[in-house]
Protein chains: 4
Amino acid sequence: MVEPDDSPTGPGSPGTAGRVSEIDRVKAFSDAVIAIVITLLVLELRVPEHEPGGLLRGLREEWPSYLAFVVSFIYIGVIWLNHHALLRLIRGMTLGLNWINLGILFGAVIIPFPTTVLASALGHGSDNYDRRVAVALYALSAMLMSAPWMVFFGYLRRHPELLAPGVTRRYVRTQTPRPLTGLVLYGLSGLLGWFVNPVLGLVGIIVMILYHALTSEGLREGPLGRLFGRTPT
Amino acid sequence: MVEPDDSPTGPGSPGTAGRVSEIDRVKAFSDAVIAIVITLLVLELRVPEHEPGGLLRGLREEWPSYLAFVVSFIYIGVIWLNHHALLRLIRGMTLGLNWINLGILFGAVIIPFPTTVLASALGHGSDNYDRRVAVALYALSAMLMSAPWMVFFGYLRRHPELLAPGVTRRYVRTQTPRPLTGLVLYGLSGLLGWFVNPVLGLVGIIVMILYHALTSEGLREGPLGRLFGRTPT
Amino acid sequence: MVEPDDSPTGPGSPGTAGRVSEIDRVKAFSDAVIAIVITLLVLELRVPEHEPGGLLRGLREEWPSYLAFVVSFIYIGVIWLNHHALLRLIRGMTLGLNWINLGILFGAVIIPFPTTVLASALGHGSDNYDRRVAVALYALSAMLMSAPWMVFFGYLRRHPELLAPGVTRRYVRTQTPRPLTGLVLYGLSGLLGWFVNPVLGLVGIIVMILYHALTSEGLREGPLGRLFGRTPT
Amino acid sequence: MVEPDDSPTGPGSPGTAGRVSEIDRVKAFSDAVIAIVITLLVLELRVPEHEPGGLLRGLREEWPSYLAFVVSFIYIGVIWLNHHALLRLIRGMTLGLNWINLGILFGAVIIPFPTTVLASALGHGSDNYDRRVAVALYALSAMLMSAPWMVFFGYLRRHPELLAPGVTRRYVRTQTPRPLTGLVLYGLSGLLGWFVNPVLGLVGIIVMILYHALTSEGLREGPLGRLFGRTPT
């Protein structure tokens with residue numbers, strides 16, 4: 001939508017130097033957004049309505065909220081770690097990168113919504129059809145989360161002048177498949193949840209989140225890479 | 001209300017040097033406020049009340065909430081980018097600038113309120129009159145958002161000693177029409193929504209937000225400027 | 001409660017140097033808390049329950065919420081500016097200062113509560129007695145806000161080695177009366193609201209907030225000081 | 001779950017140097033999360049439902065909310081101070097440390113939930129059994145909070161190369177018992193609350209929080225250490 005803008009600015013304006021240095025402010029803003037999202041999740045944990053003496057039973061029946069909370073907490077933690085690694089790849093911002101980054105933050109900000117829907121659908125007052133809907137919605141949100149990362153890597157491949165010192169084009173190319181893998185596999189998990197079984201779909205989503213947790217340092221370098229005998233090349 | 005204060009401070013006080021350097025803290029505070037507002041929007045996305053099996057239908061009926069969420073998310077993103085550019089113009093804060101900045105933050109902080117009102121008015125339980133009210137309220141909030149930017153530029157024109165190194169008075173003058181344009185056109189959108197048709201008014205508001213998104217690097221430098229053949233002068 | 005601790009730490013510990021430098025983290029933490037509080041206020045602005053066509057009327061009846069919102073927004077803005085000035089007085093943190101600062105943040109964090117109570121008491125479903133209670137509660141919160149500032153200044157007078165370079169003991173002494181003035185006058189406003197008239201008490205609170213807004217650069221230096229012919233000495 | 005990863009990264013990646021320096025971003029993220037949690041607590045303070053003239057009575061009946069709010073505010077303040085001291089021990093982050101830190105933040109983020117449950121159980125509509133449940137839940141959360149600190153210290157003992165300059169292994173060893181003490185004593189408080197008396201259990205929890213407040217500068221250096229005649233060794 002927005003054409004990348006890294007052209008020199010006019011005389012008398014704050015200039016490109018200032019714009020490049022503002023990556024720190026983007027980091028701080030993104031971190032703040034992610035910190036708020038990961039904390040807002042707790043607002044969905046509510047004291048159950050209960051009769052005197054019924055608190056423990058009420059708390060137990062809220063297990064879907066706890067499950068959804070833990071899954072989304074880990075998921076947002078993974079997003080933070082990956083976002084961390086992402087911004088270390090670049091040496092400056094452009095208007096285009098700012099909007100791609102806002103797209104990533106959009107994906108992060110909405111997570112509490114599918115989380116609550118999932119918690120609600122796993123509890124009373126919902127049937128299996130609702131569960132299929134909720135798992136598909138969660139998978140859809142995760143796909144929405146993955147999509148701007150692909151755009152980010154594509155943008156970097158077209159603008160190698162934005163790469164941080166020491167980051168090679170080749171490294172960027174090797175990272176590109178990760179969001180695509182995420183997009184495809186979250187999509188498959190959603191289809192699994194919708195057409196086959198919501199629990200299977202949810203398991204697929206959780207496995208994907210753990211996969212991203214283990215590879216958040218990059219595809220070939222994390223514990224998973226070592227597990228499968230891939231050494232840094 | 002508050003007279004600008006950039007006079008030298010008394011002996012033994014922390015002094016002007018410290019005050020000038022505190023622009024970083026203003027940036028951090030403003031970023032935090034904007035990050036929180038953009039994230040709080042998600043709290044308005046609620047799980048719909050539904051009967052077993054009715055989750056999907058309930059979610060679909062919430063489309064006004066999603067629309068209002070996306071519009072306000074982009075709007076706050078635009079505000080952040082513009083605020084970003086704004087604070088790069090100056091080299092220090094004064095008490096007057098602090099209060100003008102708090103005015104800008106006030107405009108940002110209230111956005112979730114007209115957003116929720118709009119989402120509510122577009123849904124069931126509201127008629128066309130409510131929609132006119134909601135669109136006019138959103139436009140009014142956007143005008144309230146634009147007003148302190150005008151005050152900011154006016155303040156800078158009267159205090160050129162606050163301009164950051166490399167920022168010319170001429171550059172500040174060329175930026176001044178932007179918030180005025182916003183003020184007038186948001187106002188017209190509100191009137192359009194109130195007197196003609198709420199949907200038209202809402203379209204006007206969305207067009208204005210996209211306009212600000214495309215010009216957030218400055219009026220003559222962004223993609224729009226290039227589109228219309230304006231080169232930096 | 002907590003005895004100030006600025007004794008040298010044991011060998012092998014991170015050491016005093018590290019502790020002194022961490023004032024930046026205290027600033028960032030305090031700013032984040034204040035930024036969140038000032039933003040959370042908007043959550044109290046709710047879409048009024050209304051019949052189709054009754055949105056405008058419903059919004060109008062919410063005026064106490066808007067009034068309470070604006071007053072508390074300005075109040076928290078004042079707190080931020082003053083806190084700003086406060087931390088510029090010192091060159092390092094101690095455990096005691098950390099807890100005094102947490103006391104200040106406690107006063108800031110609770111503000112949304114008396115704000116909501118006030119908005120509720122000014123609306124339907126409350127009588128004059130409720131209004132007296134709400135105004136007194138707001139005044140009490142403001143006193144709770146002022147108290148730790150007095151402790152802060154008292155602590156600084158006893159620990160002049162913590163003063164930032166260029167800040168004299170004399171300057172600290174001249175600032176000390178400000179929180180005491182606040183404490184006394186918020187208290188009087190509360191008593192006025194309780195025993196005489198809640199509206200008068202509320203006006204007293206608002207005047208005090210504006211007084212602090214105008215003197216947030218220090219008692220003798222702001223616009224008020226100039227207005228009354230006090231020049232920096 | 002996640003194997004620590006501090007191996008050198010592949011050529012063309014941002015590299016270890018960048019990763020070590022990112023401790024500042026971890027501090028900022030952690031501070032933001034803790035700042036949000038400590039502020040969100042206020043959302044649990046609600047205007048009581050009341051008849052005209054019944055506001056004061058309604059506010060008084062909310063005392064359990066105030067008590068729970070104050071306890072959790074101090075508790076999160078303590079966590080912040082301790083986390084502060086914790087991150088000063090290290091000179092860089094690894095993937096493993098990041099997940100341990102996310103574990104600590106998990107423990108902090110959930111605190112509003114047991115706080116609200118406790119406030120609810122101390123009020124009307126709950127009996128003594130509910131109170132036992134609520135106190136045990138709060139103690140359980142506090143144990144969940146303490147556990148990742150133990151993992152953190154254990155990780156540091158196995159990776160002394162991560163210690164900040166001037167921090168000795170011996171110092172780390174002397175700090176290790178603190179989270180273990182917390183884990184055990186919060187557990188005992190929970191058992192006391194469950195099997196003997198919820199009020200006693202709650203007192204135990206509060207005493208533990210105050211103990212951690214007084215020792216947040218380290219076990220042998222704070223006011224408590226001086227009280228018992230322990231001098232730094």
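Every value quoted in this text rests on a predicted model; they were computed, and no experiment measured them.

**Student:** If you had to explain the overall build of chain A to someone new, which residues and values would you point to?
**Tutor:** Across its full length, chain A carries 11 helices and 0 strands. Within chain A, the fraction of its 233 residues that count as buried is 61%. Within chain A, residue pairs in contact and separated by at least 24 positions form 74% of the contacts whose partners lie at least 6 positions apart.

**Student:** I'd like to hear about a nonpolar patch on the surface, residue by residue, with values.
**Tutor:** Residue and element names in this part refer to chain A. On the surface, Leu180, Val184, Leu185, Leu188, Leu191, Leu192, Phe195, Val196 and Leu200 cluster together into a nonpolar patch covering about 810 Å² of accessible area. Position of Leu185 relative to the elements: it lies in helix H9 (residues 177-196). Look at Leu185 and you get partly exposed, because its relative accessible area is 32%.

**Student:** Go over a positive patch on the surface with me, naming the residues and quoting the values.
**Tutor:** Together, Arg157, Arg158, Arg169, Arg170 and Arg173 of chain A make up a positively charged patch on the protein surface. For Arg173 of chain A, the position within the fold is in helix H8 (residues 169-175).

**Student:** Residues and numbers for the UniProt feature "transmembrane region" (unreviewed entry) in chain A, please.
**Tutor:** Residue and element names in this part refer to chain A. Sequence positions flagged by UniProt for "transmembrane region" (unreviewed entry) are, in local numbering, residues 66-87, 99-123, 135-156 and 183-214. The annotated region residues 135-156 carries 100% helix and 0% strand content, and the separation between its end C-alpha atoms amounts to 33 Å. Secondary structure content for residues 183-214 is 97% helix and 0% strand, while the C-alpha to C-alpha distance between its ends is 17 Å.

**Student:** Pulling in residues and values, what's your account of the pattern of salt bridges?
**Tutor:** Residues and elements named next belong to chain A. Applying the stated criterion across every chain yields a total of 11 salt bridges over all chains. Measuring nitrogen to oxygen at the nearest pair gives 3.9 Å for the salt bridge that ties Arg46 to Glu44. Residue Glu44 is classed as partly exposed on the basis of its relative accessible area, which comes to 23%.

**Student:** Any details on the side chain of Thr115 of chain B? Residues and values, ideally.
**Tutor:** Residues and elements named next belong to chain B. Mapped onto the elements, Thr115 comes out in helix H6 (residues 112-122). Classification of Thr115 by relative accessible area gives buried; the value is 5%. Only 2.5 Å separates the side chain of Thr115 from the side chain of Ser72, close enough to count as a polar contact. Every residue in contact with Thr115, bar those within four places of it in the chain, is listed here: Leu41, Ala68, Phe69, Ser72 and Tyr138.

**Student:** Describe in detail the packing of aromatic side chains, supporting the description with residues and values.
**Tutor:** Residues and elements named next belong to chain D. Scanning all chains against the criterion turns up 36 aromatic pairs over all chains. On the numbers, 6.4 Å between centres and 35° between planes, the contact of Tyr75 with Tyr138 is tilted. Of this pair, Tyr75 sits in helix H4 (residues 63-87) while Tyr138 sits in helix H7 (residues 128-158), and the two are 63 residues apart along the sequence. When its relative accessible area of 5% is taken as the criterion, Tyr75 is described as buried.

**Student:** Help me get a handle on the confidence of the model for chain A, residues and values and all.
**Tutor:** All names here are of chain A. Here chain A shows a mean pLDDT of 83. Residues at 70 or above account for 83%. Here residues 1-20 is a poorly scored stretch, pLDDT under 50, and it has 54 contacts once near neighbours within four places are set aside; other chains count. Here residues 218-233 is a poorly scored stretch, pLDDT under 50, and it has 34 contacts once near neighbours within four places are set aside; other chains count.

**Student:** I'd love a proper account of the environment of Phe73 of chain B, names of residues and values included.
**Tutor:** Note on placement: Phe73 of chain B falls in helix H4 (residues 63-87). C-alpha of Phe73 of chain B to C-alpha of Thr39 of chain B: the two residues are 34 residues apart in sequence and 8.4 Å apart in space. Among residues more than four places away in sequence, those in contact with Phe73 of chain B are Leu102, Leu105, Phe106 and Val109 of chain A together with Ile38 and Leu41 of chain B.

**Student:** Lay out the packing of H4 of chain D against helix H6 (residues 112-122) of chain D with the relevant residues and their values.
**Tutor:** All names here are of chain D. Where H4 contacts H6, the two axes come as close as 8 Å, and the packing angle between them is 150°. Classed by the angle they form, the pair H4 and H6 counts as roughly antiparallel. Judged by the twist between their axes, the crossing of H4 over H6 is right-handed. In this structure, H4 contributes Trp63, Pro64, Ser65, Leu67, Ala68, Phe69 and Ser72 to the contact, and H6 contributes Thr115, Leu118, Ala119 and Leu122. When the residues that make up the contact of H4 with H6 are grouped by side-chain class, the tally is 8 nonpolar, 3 polar and no charged.

**Student:** Any chance you could break down the packing of H4 of chain B against helix H10 (residues 198-214) of chain B for me, citing the residues and the numbers?
**Tutor:** Residues and elements named next belong to chain B. At a closest axis distance of 9 Å, the pairing of H4 and H10 adopts a crossing angle of 35°. In this structure, the crossing between H4 and H10 has a hand that is left-handed. Between H4 and H10, the residues in contact are Leu67, Val71, Ile74, Tyr75, Val78 and Asn82 and Leu202, Ile206, Ile209, His212 and Ala213, respectively. Across the contact of H4 with H10, the residue classes break down as 9 nonpolar, 2 polar and no charged.

**Student:** Could you give me a rundown of helix H7 (residues 128-158) of chain B, with the residues and numbers involved?
**Tutor:** Over its 31 residues, H7 of chain B extends 46 Å from the first C-alpha to the last, a length consistent with the 45 Å expected when each residue adds 1.5 Å. Its side-chain oxygen at 3.0 Å from the backbone nitrogen of Tyr129 of chain B, Asp127 of chain B defines the N-terminal cap of H7 of chain B.

**Student:** A description of the side chain of Ser65 of chain D should follow, citing residues and the corresponding values.
**Tutor:** Residue and element names in this part refer to chain D. Structurally, Ser65 can be placed in helix H4. For Ser65, a relative accessible area of 13% translates into the label buried. Contact partners of Ser65, with chain neighbours within four places excluded, come to Glu44, Leu45 and Ala119.

**Student:** Pulling in residues and values, what's your account of helix H2 (residues 23-40) of chain B?
**Tutor:** Helix length check: H2 of chain B (18 residues) gives 26 Å between terminal C-alpha atoms against 26 Å at 1.5 Å per residue, within 8%. Within H2 of chain B, 15 of the 18 residues are buried, leaving the element largely enclosed by the surrounding structure.

**Student:** Please give an account of the environment of Leu210 of chain B that cites residues and values.
**Tutor:** Relative to the elements of secondary structure, Leu210 of chain B occurs in helix H10. Sequence-wise, Leu210 of chain B and Val71 of chain B are 139 residues apart; in three dimensions their C-alpha atoms are separated by 9.5 Å.

**Student:** Residue-level account of the environment of Ile110 of chain D, with values.
**Tutor:** The residue Ile110 of chain D is located in the loop between helix H5 (95-109) and H6 in this model. Once the C-alpha coordinates of Ile110 of chain D and Ala142 of chain D are considered, the two residues, 32 residues apart in sequence, prove to be 9.8 Å apart.

Definitions and limits used
Within any chain, residue numbers begin from 1 and follow the written order of that chain's sequence. Ligands are numbered from 1 and chains lettered from A, in the order in which they are written. Given that the model is predicted, a residue must reach a pLDDT of at least 70 before its local features are reported, and side-chain atom pairs must reach 80 or more before they are shown or counted; all residues, however, enter totals for whole chains, interfaces and linings. Where side-chain values are given, they derive from all heavy atoms of the structure, hydrogens and water being excluded. Under the scheme used here, helices are H or I runs from DSSP no shorter than 4 residues and strands are E runs no shorter than 2 residues, and both carry numbers assigned from the N terminus. In this scheme, a residue with accessible area under 20% of its type's maximum is buried, one over 50% is exposed, and one in between is partly exposed, where area comes from a 1.4 Å probe on protein chains only. A contact between two residues is defined here by any heavy atoms of the two lying within 4.5 Å. Patch definition: residues with relative accessible area over 30% and no salt bridge; like charges joined within 9 Å; nonpolar side chains (Val, Leu, Ile, Met, Phe, Trp, Tyr) joined within 5 Å. Each accessible area is a Shrake-Rupley estimate made with a 1.4 Å probe; only the visible protein chains count as cover when residues are assessed. Any carboxyl oxygen of Asp or Glu within 4 Å of a side-chain nitrogen of Lys or Arg constitutes a salt bridge here. The positive count covers Lys and Arg only, the negative count covers Asp and Glu only, and His and the chain ends enter neither. Charge positions come from single atoms, namely NZ of Lys, CZ of Arg, CG of Asp or CD of Glu. UniProt positions are given in the numbering used here, feature names are shortened, and annotations may be inferred rather than shown by experiment. What qualifies as a polar contact is a pair of N or O atoms within 3.5 Å, subject to a donor-acceptor requirement within protein and to the restriction that residues adjacent in sequence count only when both atoms come from side chains. Working definition: rings of Phe, Tyr and Trp (its six-membered ring) pair if their centres are within 6.5 Å, and the pair is stacked with planes under 30 degrees apart, edge-to-face with planes over 60 apart, and tilted otherwise. Per residue, pLDDT captures the predictor's confidence, and it can take any value from 0 to 100. Lines fitted to C-alpha atoms define the axes, with helix axes restricted to the stretch in contact, and inter-axis angles between N-to-C directions lie between 0 and 180 degrees. Geometric relationships in this document are graded by angle, where less than 35 degrees denotes roughly parallel, more than 145 denotes roughly antiparallel, 65 to 115 denotes roughly perpendicular, and other angles denote oblique. Crossings are classed by handedness, with left-handed meaning an anticlockwise turn of the near helix from the far one by less than a right angle and right-handed meaning a clockwise turn. Each residue gets one label: Ala, Val, Leu, Ile, Met, Phe, Trp, Tyr, Cys and Pro are nonpolar, Asp, Glu, Lys and Arg are charged, and the others, such as Gly, are polar. To estimate the expected span of a helix, count its residues, drop one, and scale the result by 1.5 Å.

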